[in-house]
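# Fold and geometry: a report
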Amino acid sequence: MVLKSHQHALSRCTELMEWFDRNPLCNEVITTLGMAVSEQKVFGMAIQGDLVQRDVVQTTLSFSEHRARVFSATPESLWRGVGRRILDELALMALSRFETEQTSRKLLEEERSLLRARLRAFDRRGTGIDNLAAGGAHGNVEGRKLLHQLEENERRLTQMKGYDDLLELRLSILSEVLYNPENYLHIQQRTLHVDSMNRMVEAGTSDSNPIRFVSVRVERNPGQERALVALRVHR
């Protein structure tokens, strides 16, 4: 069932019209309405018995970035399409991890080259003009500091997995992400209750309305949660 306001808004969706053009015998379609979920802490007033309390911490719930992207004639094929989108998301996360590891490795290798060059210069000339000063112990301290930094750098490089080629590294990261999807995203059915001001309240509270949706939370920085709701839309 779709509210008339949603029906009117979705009727202008280009992807929806194209789907109906490709499926002339279908008079209705099932789609997922995806939305970004935002929970925000605010201060407001609350009534407890006959008393009005001020500056009470409350949570407001809002939905934005409404998008309909997956369309199907049956619920089964609809959720298979959603599953493919989630698989694509995992692949993108694996690619992001690969790029991050490559960047980290490159930075460490550049730092190692710089530290080795400084150590070679230290061995040949001490520490520049400081070598002519009476306090030669300062140079020894500086040399030990460089050695410690180089050892720490090489330890971090050693902890990174070594691969003969980039393809092997990509496949390893992709396999790790696909075998452990629970480390990267979480899917659950959520039922929340809000009042007329979109403030989250306990079930059974006066002026409370239940909202049910499938939550897909992606472990990014910052984290992201999207709500999915299945809707039937008539031609």
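Note that the structure is predicted; figures quoted are calculated from it, not measured.

### Comments concerning the overall build of the chain
- From N to C terminus, the chain includes five helices and five strands.
- Secondary structure elements of the chain, listed N to C terminal, follow the sequence α-α-β-β-α-α-α-β-β-β.
- Going through the 235 residues of the chain one by one, you find that 30% of them count as buried.
- Long-range pairs, those at least 24 residues apart, make up 65% of the contacts in the chain between residues at least 6 apart in sequence.
- Surface accessibility of the chain: about 16300 Å² in total, with carbon and sulfur atoms responsible for 53%.

### Quick word on the environment of Arg144
- Of note, Arg144 is situated in helix H4 (residues 137-159).
- For the pair formed by Arg144 and Leu119, sequence separation is 25 residues and the distance between their alpha carbons is 9.7 Å.

### Re the environment of Glu101
- Residue placement: Glu101 occurs in helix H3 (residues 75-125).
- Residue classification places Glu101 among the buried positions, given a relative accessible area of 18%.
- In the structure, Glu101 is positioned 72 residues away from Ile173 in sequence and 9.9 Å away in space, judged by C-alpha atoms.

### A few points about the pattern of salt bridges
- With the rule as written, the count across this model stands at 10 salt bridges.
- The salt bridge partner of Arg97 is Glu176, with a shortest N-O separation of 2.5 Å. Of this pair, Arg97 sits in helix H3 while Glu176 sits in helix H5 (residues 166-179), placing them 79 residues apart in sequence.
- Looking at Arg97, the relative accessible area reads 31%, which means it is partly exposed.
- What makes Glu176 partly exposed here is its relative accessible area of 27%.
- One continuous salt-bridge network, built from bridges that share partners, spans Glu39, Arg190, Arg217 and Glu225.

### Topic: the confidence of the model for the chain
- Scored by pLDDT, the chain comes out at a mean of 81, with 85% of its residues at no less than 70.
- Of all secondary-structure elements in the chain, the lowest mean pLDDT belongs to helix H1 (residues 4-10), at 65, while strand S3 (residues 185-194) reaches the highest, 91.
- This stretch, residues 132-138, has a pLDDT under 50; its non-local contacts, to residues over four places away or in other chains, come to one contact.

### Considering the nonpolar core
- Membership of the largest hydrophobic core comes to 18 residues, with the highest contact counts inside it found for Leu10, Leu16, Val29 and Phe71.
- At the level of secondary structure, the elements contributing two or more residues to this core comprise helix H2 (14-22), strand S1 (28-48), strand S2 (51-72), S3 and strand S5 (224-234).
- The leading source of residues in this core is S1, at four residues.
- Each residue touching Leu10, except ones within four places of it in the same chain, is listed here: Leu16, Ala68, Leu231 and Val233.
- Core analysis: the second largest hydrophobic core is formed by 15 residues, Leu90, Phe98, Ile173 and Val177 among them.

What counts and what doesn't
- Residues numbered from 1 in each chain as written.
- Predicted model: local features only at pLDDT ≥ 70, side-chain atom pairs only at ≥ 80, totals over all residues.
- Heavy atoms only, no water.
- Helix = DSSP H or I, 4+ residues; strand = E, 2+ residues; numbered from the N terminus.
- Buried < 20%, exposed > 50% of the residue type's maximum accessible area, 1.4 Å probe, protein only.
- Contact = heavy atoms within 4.5 Å.
- Areas by Shrake-Rupley, 256 points an atom, 1.4 Å probe, with all protein chains shown as cover.
- Salt bridge = Lys/Arg side-chain N within 4 Å of Asp/Glu carboxyl O.
- pLDDT = per-residue confidence, 0-100.
- Core = buried A, V, L, I, M, F, W, Y, C linked by side-chain atoms within 4.5 Å.

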